[in-house]
Amino acid sequence: MTRVLLACFPHPEALMIAVRRVKEEGAVPVDAFTPHPVDGLAEALGAARTPVRKWMLAGGLLGGFGAYFTEWFSAVIDLPINAGGRPLHSWEVFYLFPFEFGVLMAGIVGAAALLATSGLPRLNHPLFDVQGFERSSQDGFILAVEQPERHPERLRDMLLASEALWVREGKT
Amino acid sequence: MSRSLHDATRNSFPERAERLTRVESEAAVDVLVTAPLLDRRSWRRWWIGVAVATLLTLVFVGAIAMILGKGIGVLGNNTSIVWGYPIANYVWWIGIGNAGTLISSLLLLTHQRWRAAINRFAEAMTLMAVAIAGLFPILHMGRPEYFYWLAPYPNVMHLWPQWRSALVWDFWAILSYLLFSIVFWYTGLIPDLATLRDRTLGRAGQLFYGALSLGWRNSARHWYAYEKYYKAMAALAVPLVCSVHSIVGLDFAAGMMPGWQEPIFPPYFVVGAMFSGFAMVVVLAALVRWGLKLEALVTMNHFDAMAKLMVMGATIMGLSYAAEWFSGWYSGRHADHSLLAFEFVGHYAPMYWAMLFCNVMACQIFWFRWARRNMAVLIVVAILVNIGMWLERILIVWNTLAHAYLPSMWSLFAPTIWDWAVTLGSLGFFALMYLIFVRVFPAISMHEVKQLVHEEVAA
Amino acid sequence: MSSVKHRSGQDDATGGIAAMNRRQMLKLMSAGALVALPACTPRRKIVPYVDMPERLVPGEPQVYASALPLQGYARGVLVTAMDGRPIKISGNPRHPASLGATDLFGEAEILSLYDPDRARAPRGPSPIDTWDSFLAEWLPRLDGLAKRRGEGLALLSGRLTSPTALRQLEELRRKLPKLRWYAYEPAPEDGDPAVLGPSASALPRLEDADVVITLDADPLGPGPAQLIHARGFARRRVPGAGAPLRLYAAESAWSLTGAKADHRLAAHPRLLRRVARALAARLGAGTAQGDALPPEAARFVDAAVADIERAPGRALVLGGPALPAATRALCHRINRQLGAPVDHRQLAAAGDAPAGFGELLDDLRQRKVSDLVILEANPAYDAAPTAEFAGLLKGVPFSACLALAASETSSLCRWHLPASHPLEEWSDLRAVDGTASIVQPLIGPLYDTRNVHRLLAMLSGEDDGDSRALVRATWSASHGGADFEGWWRQALYLGVVPGTSPAEAGAESAAPPPDGADDVPGGLVAVIRPDPTVFDGRMANNAWLQECPKPISKEVWSNSVGLSPETARRHGLDDGDVVLLETVYGKIEGHVSVDKGAADEVAALTLGYGRQRAGAVGTGLGYNAYGLVAGPGESVVAVARLAKTGRHEKPIILQDSFSPESKQDSILPLMHLTERGKLREEPRKVDINRPSLLPPKDSTDPYQWGMVIDAAACIGCNACVVACQSENNVPVVGPEEAAAGRFMHWLRIDRYELDDNGKTRQGFEPVPCMQCEHAPCEPVCPVEASVHDSEGLNVQVYNRCVGTRFCQANCPYKVRRFNWFGYASGQEYANLGEDPMPARENPDVTVRARGVMEKCTYCVQRISRARRDAEKSDRPIADGEVVTACQSACPTRAITFGNLKDPNAAVSRLRRDPRHFAMLAELGTRPRTTYLAALVNPSPMLDEEEEP
């Protein structure tokens, strides 16, 4: 649990400037909370990493090949029947189900990975206790900076000087 | 407060051609979009809509009860024309269900920013349309209680599905598409649910939206993963949606009946689905915009763009029909020639000509700018397209099965009251679900529009 | 044994049928204990099942020879019983009027046996009646009659050929000499009692003829001699068997003979008469010079005469009931002149001759009848003038009617006496050629019923208990002696009594009746024929017959008024218009069906419909044409008025389109025969095994089943359709469902109007499942309900089917049938689901549920039985050992089934025939059911003239 200073900015440009200044000041911007994605923000915060797409690829491949294996095993090994004289291993049409199933698995695994890597679902969070944090889902661009051991008020002043509407303390 | 802000936004930002929206701030977006959900006043239109939709839904439920209780025989199918309204309805609804995903994914991938104002309710349309579409193949079965036999599962008969059957592909296509769309739609909705959570004043609403938003905090890290995920989903959705309707096309094209066995069918079904879906989106956009007072967000520029897509779709449809006729003629097979003649001058010829008019000719009016920006023209043409596409689907079933290889088994289809009940009733069910949707969920993707507004204002 | 004692054994006649069935079954099991002498076990001995009767194995079918009547004449049958229940009827190869085949009426008798509408107990004047109360009323009357030596007693029957019935009648007459016996057959017949004498028969031998000219006669049409004629016809149409038969038909409305004719002349009855006279004149049999004929008819006569003159002694001229008696006599004279192959026989002693129906009417009018007993006839429905008869019947003090079910007549009689079905009691019958057969019961009476013999015994005041004893009494008189039992057993085993066909009598030269020019009315006439599927209406309550499509029109569940396009146009009528048709005798209302085969100024009507009291199935369908004519057997009557009613009634037709368009070569090719019976043209090269990307599937199984159907032999008689229905538990859908375009027949007969160089010819093509090797239905089934077995059958797994119907949608031949409702499982039409109907189901075939697809599987249950039998004795299944139901029924042997892997099998030989083709072969489905092309044998004279 990190104690942070939360600064709310009226627009993303102000937030981005604040991030740069915070880093110049030697403080650590932990996270930012914005109503919509802001280009470059995650990179500026050093948080531009996610394994979600790798999970999706894995889920999709597993689903697809698993489905194909199911088809092949059932049609060739387990229940070889003559259907209209077609070959048992009718690969020409066996790719369809694996494709559909693979995409479905990629989507489901992706959604699960998104939630899991984001630590969701988590219905409550200490940040929600901070008054005004709800603006982050509407029109407030909130930056969370790790509260420095020394001179926290310098950081606060700096943030206020960077167009912050308010600065409050919180935990994250 | 909402009323004044709404008026303010409308009055203070005159339409500019290069602007898609007419709001100036993120806050204004929230106010506009959440007003219908949080403000309980002035819902008369909604209640009237719900009443009508509920009535039709009861018709739908009654027809389903009849079909399940008395048997599929209450429909008008006969020994030769074994498929009928449920199949046409299925193809029609799944076509409608195509546009939402295409709008949200294809347009996203191609950076068509205007999609932001319409993608949410288009996706909702997809979801509901696909859900209804999924009902029809089950309803059309002789023993609907065993529909799950199409899935591979350990069973006492020691049997597996027949993977060569287009219906198994179909089963998985619908199922995958429906589940995928739910996931796609829901994850897209989470940030907006968080917004609603934070704007709702009542405890119940806070709990409801709070739970649904899964604790979303708009963190930059979340947004980063979210955007990666969302774009990947969009990239998957495009081939998925194309494959779904291709497989619907294969339901026919994998057969060997004249008029069905045509390689053009899969792409032509995809285009047709997009086409009918866009037409439905136009109708819904007009209704949502009017009903939820979102003129500032869904502007004539959006309609203009969709009308352009429709005229493109209509032209491709016309080419597809021509290709169909050509391959029928070029096949040199008597059955195909005979079927072509039957289409143009046979018993269903009036419907066929009507279909050609609705699907190919009607949209050509959108070459004119005034027509693309005239709401009445837009709605009439869009409804014509939807009727035309339904005619196309029923005629694909009827013409071929009525006029297949052996003249001795040529036949005609006589729809019963239950055919109509289940068809019109499904529209009512769709309307009911949709009305509930716009009352419970934000009809417009707020976070995306906010981003758009921000960029537009900054520009 | 007294009748009282017998009844005590059936104390619950009005009670639950289940109890009856069990008892009947056990009785039969006791009978079955000695298969070779099934009759020798005392009938009423009940065998406890713990002592399993020898040779009665549950689930093993038992087959007995018997005979069934049609218009009084026998067709020999073999009846299959399963666990005591008769379930299937097939032909008896030893019987001369069956030759191993059946007609649709014979096949359908199974359904009549279990008809829930059958009368179960006598109905008389009091609320509850029994046979005892009938006897209580009858015996005192019999005493009174005996005093009057039978004065006032009248017996009315249909044609009686049963030697036992005739013996009983003779005995009754000896007792009551003044009793009068009247007999009539309601429907017009090809036979000529009026010309030849009442019991003389003239049976043409088609197989010995090179040329056959029919003038309204319909030897290939339904009737007691159909099976004989059809076989004779088919034998002479096979290429390579010498000069082929050439068939000329002149008729006023479609008949099966006309449909198969090489030359057909649609002619008004008046013109028919002139054609007959012209033929007689040209062939030197006529007294007068022939009339001048219209050009088309003249060419027809020219060609026919040319052919006849080339074939002396091998030509036949057959007159039908639309010709006046004098003209029919003329036809006989022509045949005599030609030395035609006709068998003349005298079937019974002349003294036995009954009076006709007209005489009964006279006697009724003069109130000479005090006691009228009607033996399985229904004059209030089928004997004109029906209304007058009904009125007169009410005036008869005592009337009783023996009938299977309540009928128009029985309801007017004081007593309705329930009749036993022919499969329930012993009797005997003669075939059209006079051959007698013993009618063996397969089951004890289901209800408290009597047959004719027992009723006649009762009427004469004797013990009525045992029809078997009555029949044996007849035959022991003539075949008595020490070894009667052996003789009897042999007769039962064979199904025919050897040596009972009377010797050829030679043609009688009775003086021809006067020939008046006005014998045939001019102008618009109604020509009335028995219906091709419900015949004379006796079996109108049989749902199989009602739902069987008429061979030409494909109409079901009704009859229609057939008018030629020209006549319809002149009267401003179109298909489905309901018209009022009035003659001096009566009127009907029926819907018009425009019939390209009807002659101008002819209203083609059929009998058998318009039943008022047939039962839950047959009541209220169509119109009753019996009331339009002067009396029973009349065929032609002048129409006084034909008026539109303004109402419209869509006929229920199961085939909408009859033209193969330009696909004829791939659907049903037509080929020509030469004078020497060779094919005139090069056969089309058919490659069934078209190149395919699919890997070949060479089954190692020793059996690969296949079927070849000869379209040239098929006469469209529908016997196979009903046989399939009976064998495979194919349900009936009912008129409402049929009107919606639904039907369940696994085997249908397509009719096509084939193009023969601009001339239209009828082609019949039975279409069962093609059992394609590359079956389009199989890969589209999502749940593997439609699969191929190792012997090449395309089988349907009913309990796996979920009813997507993709298989039928994708079937080019449309041979699959879907249970839109539970046609056989809870949603049966009318009373078809009621007891005892389920007892007729073949236990070897699943009864399909609602929502399930079903189809022909080459009678897989028969294949399976043959395989088990063969495996038991460790031998391969022989060629011809598996006979499908349709094949077994076919009177022309058009259907051949067998193992394609055996190059010497009949089916393999036919597949090498130059006429062999596969329907829609170009689709690459590789059907196992294939065909031989249709054939015509046109006269060069007419052929050349018609070419432009």
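Residues numbered from 1 in each chain as written. Chains lettered and ligands numbered in written order. Predicted model: local features only at pLDDT ≥ 70, side-chain atom pairs only at ≥ 80, totals over all residues. Heavy atoms only, no water.

## A short note on the interface of chain B and chain C
Listed per partner, the contact involves 51 residues of chain B and 53 residues of chain C. Surface buried jointly by chain B and chain C totals about 4400 Å² across both partners, of which 59% is contributed by carbon and sulfur atoms. Counting the surface chain B buries against chain C, the share from its top three residues, T79(B), R143(B) and L406(B), is 14%. If you list the elements that add at least two residues to the side of chain B that touches chain C, you get α3 (44–70), α6 (166–199) and α11 (334–345) of chain B. Class assignment of the residues belonging to the side of chain B that touches chain C gives a composition of 29 nonpolar, 17 polar and 5 charged. (Contact = heavy atoms within 4.5 Å. Buried area = accessible area lost by both parts, 1.4 Å probe. Helix = DSSP H or I, 4+ residues; strand = E, 2+ residues; numbered from the N terminus. Nonpolar A, V, L, I, M, F, W, Y, C, P; charged D, E, K, R; others polar.)

## Focus: the domain arrangement of chain C
All names here are of chain C. Split by domain assignment, chain C resolves into domain 1 (3–120 + 429–448 + 463–494), domain 2 (148–189 + 350–418), domain 3 (200–346), domain 4 (518–648) and domain 5 (661–680 + 705–936). Contact between domain 1 and domain 3 buries roughly 1100 Å² in total, counting both sides, with carbon and sulfur atoms accounting for 68%. Of all residues in domain 1, the largest losses of buried area upon contact with domain 3 belong to L99, V432 and D433, amounting jointly to 46% of the total for that side. (Domains from an automatic or database assignment.)

## A short note on the sheet that holds strand β33 (residues 916–917) of chain C
Residue and element names in this part refer to chain C. Sheet architecture is open: 4 strands sit in the order β32-β25-β34-β33, paired in mixed fashion. Each edge of the open sheet is held by one strand with a lone partner, namely β32 (895–899) and β33. For β33 and strand β34 (residues 929–932), the ladder comprises 2 bridges, and the chain directions are antiparallel. Across the sheet, F917 pairs through a bridge with Y931, a residue of β34. (Pairing = 2+ DSSP bridges.)

## Re the nonpolar core
Among the nonpolar cores identified, the biggest contains 325 residues, and M310(B) and Y434(B) are the most heavily contacted of them. Looking at this core, the element that brings in the most residues is α6(B), giving 18 residues. Setting aside its immediate chain neighbours within four residues, Y434(B) contacts F121(B), A122(B), A124(B), M125(B), M128(B), L284(B) and V288(B). Counting 39 residues, the second largest nonpolar core, distinct from the first, contains L215(C), L265(C), L283(C) and L942(C). (Core = buried A, V, L, I, M, F, W, Y, C linked by side-chain atoms within 4.5 Å. Buried < 20%, exposed > 50% of the residue type's maximum accessible area, 1.4 Å probe, protein only.)

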